[in-house]
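Here are the chains, one letter per residue:
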Amino acid sequence: MGILALMCLLIPLSPQKAMGKVYIDITSPRQQVIIAISRLAGPYGDDISDILGNDLEYTGVFVPIERAAFIEKPRQDFNPENWSVLGAEVVVKGHVRKTGENISAVVTVYDVFDGRKILKKL
């Protein structure tokens, strides 16, 4: 999954709600989303997680939390309480599979405030 595609899917997140919709003003340098990108389980999971985190941080819209602070393990079920204490607004979890020459990833994005899955990409 391309970094640009993930960004486009994550852009509509923000703790501020208006009329049932959530927006981020990407022209405002002060409004940033605190994101936790869990280590993706499986082969190349560390590398892919690092690339994703670096790319999202580079946009200036996302501020990744250091993985050393994470309470929840990569394969554990998502629990918003484990992330809200860290200040995370969005959590990315998933796993990577390698079959022969093919590498695939399943990535799930969670909204910590609402405690629900907002995106799952295979």
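Small disclaimer: the values here were computed from a predicted structure and weren't measured.

**Student:** Would you take a moment to explain unusual backbone geometry for this structure?
**Tutor:** Peptide bonds are mostly trans, and most non-glycine residues show a negative phi. Phi is positive for Tyr 44, close to 65 degrees, though the residue is something other than glycine. With respect to the helices, strands and loops of the structure, Tyr 44 is situated in the loop between strand 3 (33-37) and helix 2 (45-58). For Tyr 44, a relative accessible area of 42% corresponds to the partly exposed category.

**Student:** Hey, could you run me through the sheet that holds strand 4 (residues 62-64) in this one?
**Tutor:** Hydrogen bonds along the backbone pair up the strands of a sheet, which may run parallel or antiparallel. One open sheet accounts for five strands, arranged 4-3-5-6-7; its pairing is mixed. The open sheet terminates on both sides in strands that have one partner only, identified here as strand 4 and strand 7 (116-121). Pairs of neighbouring strands in the sheet enclose a mean axial angle of 25 degrees, with direction left out of account. In the sheet, strand 3 pairs with strand 4 via three bridges, with the strands oriented parallel. What sits directly across from Ile 34, in strand 4, is Val 63.

**Student:** Looking at this model, I keep getting lost on the pairing of strand 5 (residues 90-99). Mind explaining?
**Tutor:** For strand 5, a buried count of seven out of 10 residues is recorded, marking the element as mostly surrounded by other parts of the structure. For strand 3 and strand 5, the ladder comprises three bridges, and the chain directions are parallel. In the sheet register, Ile 35 faces strand 5, and the bridge partner there is Val 90. Here strand 5 runs beside strand 6 (residues 102-111); their pairing, made up of 10 bridges, is antiparallel. The residue bridging Arg 97 from the neighbouring strand is Ser 104, located in strand 6. The antiparallel pairing of strand 5 with strand 6 creates a hairpin that spans two residues between the two strands, and Gly 100 there sits at a positive phi of about 65 degrees.

**Student:** I tried to follow the side chain of His 95 on my own but got confused; where do I start?
**Tutor:** In this structure, His 95 sits in strand 5. A relative accessible area of 18% means that His 95 is categorised as buried. Among the polar contacts listed, one links the side chain of His 95 to the side chain of Arg 97, at a separation of 3.4 Å. If sequence neighbours within four positions are ignored, His 95 has contacts with Leu 40, Ala 41, Arg 75, Ser 104, Ala 105 and Val 106.

**Student:** What's the story with the environment of Arg 116 in this structure? I'm lost.
**Tutor:** The topology assignment puts Arg 116 in strand 7. A residue is classified by how much of its surface remains accessible, and Arg 116, at 44% relative accessible area, is partly exposed. In this structure Arg 116 touches Phe 78, Val 109, Tyr 110 and Asp 111, once residues within four positions along its chain are discounted.

Rules and cut-offs
- Residues numbered from 1 in each chain as written.
- Predicted model: local features only at pLDDT ≥ 70, side-chain atom pairs only at ≥ 80, totals over all residues.
- Heavy atoms only, no water.
- Helix = DSSP H or I, 4+ residues; strand = E, 2+ residues; numbered from the N terminus.
- Buried < 20%, exposed > 50% of the residue type's maximum accessible area, 1.4 Å probe, protein only.
- Pairing = 2+ DSSP bridges.
- Axes fitted to C-alpha atoms, helices over the stretch in contact; angles between N-to-C directions.
- Polar contact = N/O pair within 3.5 Å; in protein donor to acceptor, adjacent residues only side chain to side chain.
- Contact = heavy atoms within 4.5 Å.

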